[in-house]
Amino acid sequence: ILVALITKSGASRAYGKWAAKAIRTKRQALFATICLGVVIFVDDYFNCLTVGTVMRPVTDKYKVTRAKLAYVIDATAAPVCIIAPISSWAAAVGSSLPAGSNIDGFTLFLNAIPFNYELNAHLEEVVEDAEEVPIVGHGQVKDLILPILFLIASCIGFMLYTGGFFKGVPLAEAFANCSSARSLVLGSFLTLIFTFILYIPRKVLAFVDFCGSFPQ
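On a predicted model such as this, the values are computed, not experimentally measured, just so you know.

About the criteria used
- Residues numbered from 1 in each chain as written.
- Predicted model: local features only at pLDDT ≥ 70, side-chain atom pairs only at ≥ 80, totals over all residues.
- Heavy atoms only, no water.
- Helix = DSSP H or I, 4+ residues; strand = E, 2+ residues; numbered from the N terminus.
- Buried < 20%, exposed > 50% of the residue type's maximum accessible area, 1.4 Å probe, protein only.
- Contact = heavy atoms within 4.5 Å.
- Areas by Shrake-Rupley, 256 points an atom, 1.4 Å probe, with all protein chains shown as cover.
- Expected span 1.5 Å × (residues − 1).
- Arc of directions from axis to C-beta.
- Axes fitted to C-alpha atoms, helices over the stretch in contact; angles between N-to-C directions.
- Parallel < 35°, antiparallel > 145°, perpendicular 65-115°, else oblique.
- Left-handed = near helix turned anticlockwise from the far one by under 90°.
- Nonpolar A, V, L, I, M, F, W, Y, C, P; charged D, E, K, R; others polar.

1. What about the overall build of the protein chain?
Line of reasoning, step 1. Along its length, the protein chain carries twelve helices and zero strands.
Line of reasoning, step 2. The helix and strand sequence of the protein chain, counted from the amino end, reads α-α-α-α-α-α-α-α-α-α-α-α.
Line of reasoning, step 3. Out of the 216 residues belonging to the protein chain, those deemed buried represent 42%.
Line of reasoning, step 4. Summarising the internal contacts of the protein chain: among those between residues at least 6 apart in sequence, 74% fall at separations of at least 24.
Line of reasoning, step 5. Of the roughly 12,400 Å² of accessible surface on the protein chain, a fraction of 65% belongs to carbon and sulfur atoms.

2. Things to note about the environment of Asn177
Line of reasoning, step 1. Mapping Asn177 onto the fold places it in helix α10 (residues 171-177).
Line of reasoning, step 2. Along the sequence, Asn177 and Met159 sit 18 residues apart, while their C-alpha atoms lie 8.8 Å from each other.
Line of reasoning, step 3. Not counting chain neighbours up to four residues away, the residues in contact with Asn177 comprise Thr162 and Gly163.

3. With respect to helix α3 (residues 26-39)
Line of reasoning, step 1. Helix length check: α3 (14 residues) gives 20 Å between terminal C-alpha atoms against 20 Å at 1.5 Å per residue, within 8%.
Line of reasoning, step 2. Along α3, the residues that are buried comprise Ala29, Leu30, Ala32, Thr33, Leu36 and Gly37. Looking straight down α3, one finds that the buried residues subtend no more than 155° of arc, so they occupy a single side. Every exposed residue of α3 that faces more than 90 degrees away from the buried side is listed here: Arg27 and Phe31.
Line of reasoning, step 3. Contacts made by the buried residues of α3 are with α4 (44-61), α5 (66-75) and α6 (78-81).

4. Side note on the environment of Val64
Line of reasoning, step 1. With respect to the secondary-structure elements, Val64 resides in the loop between α4 and α5.
Line of reasoning, step 2. A residue is classified by how much of its surface remains accessible, and Val64, at 5% relative accessible area, is buried.
Line of reasoning, step 3. Between the C-alpha atoms of Val64 and Ala29, which are 35 residues apart in sequence, the distance is 8.4 Å.
Line of reasoning, step 4. Val64 has contacts with Lys26, Leu30, Thr59 and Leu69, leaving out every residue within four places of it along the chain.

5. Topic: the packing of helix α2 (residues 11-22) against α4
Line of reasoning, step 1. In the contact formed by α2 and α4, the axes pass within 8 Å of each other and the chain directions differ by 45°. In terms of axis orientation, α2 runs oblique to α4. Our pair here, α2 against α4, has a crossing hand that is right-handed. Together, Ser12, Tyr15, Gly16, Ala19 and Ala20 of α2 and Thr53, Val54, Met55, Val58 and Lys61 of α4 make up the contact between the two elements.
Line of reasoning, step 2. When its residues are assigned to classes, the contact of α2 with α4 shows six nonpolar, three polar and one charged.

See the structure below:
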């Protein structure tokens, strides 16, 4: 829903125009994709959807193939999440300890980081474009950046909350014992409310267009 809102509002297009002023070559377009992929570390699915939506117009302009864009996004989504101590993957790994372990989940995750390498096979594949979300708003760059920053902050906050940090549980233990699924749902829902407050009063999107993004 957030990706649909960011696209429909025109915020992604505004970011693309802004980025085009600084990006002048194909290499810079790919580097910007990598940087954005690293910044959005809280969850790999949201990373893929957001970076793909935002950077696709920029990479298209410089004739970067969709397959290469997909590869770069995939190489900075899950691989970044699995080495980021504050992410849905960190919480998932930290909660997967076998019974009787003499180590806490967060320490296990940190010790496992050096082993998170994989071999990739390159496969030729024909990919069809998904149905595009129509742009009907007049969003600005901040209408893209603020919801993403709020999402990251709220998901981290709910990870701490579900892990008992605000009840005196140490930070590392709170992340190890948190409910990542519940935290992402709560963080995403709160971000939708934030985005509604950001968009509707400023008439970035009409109410009917905002609600229309839910099924999209």
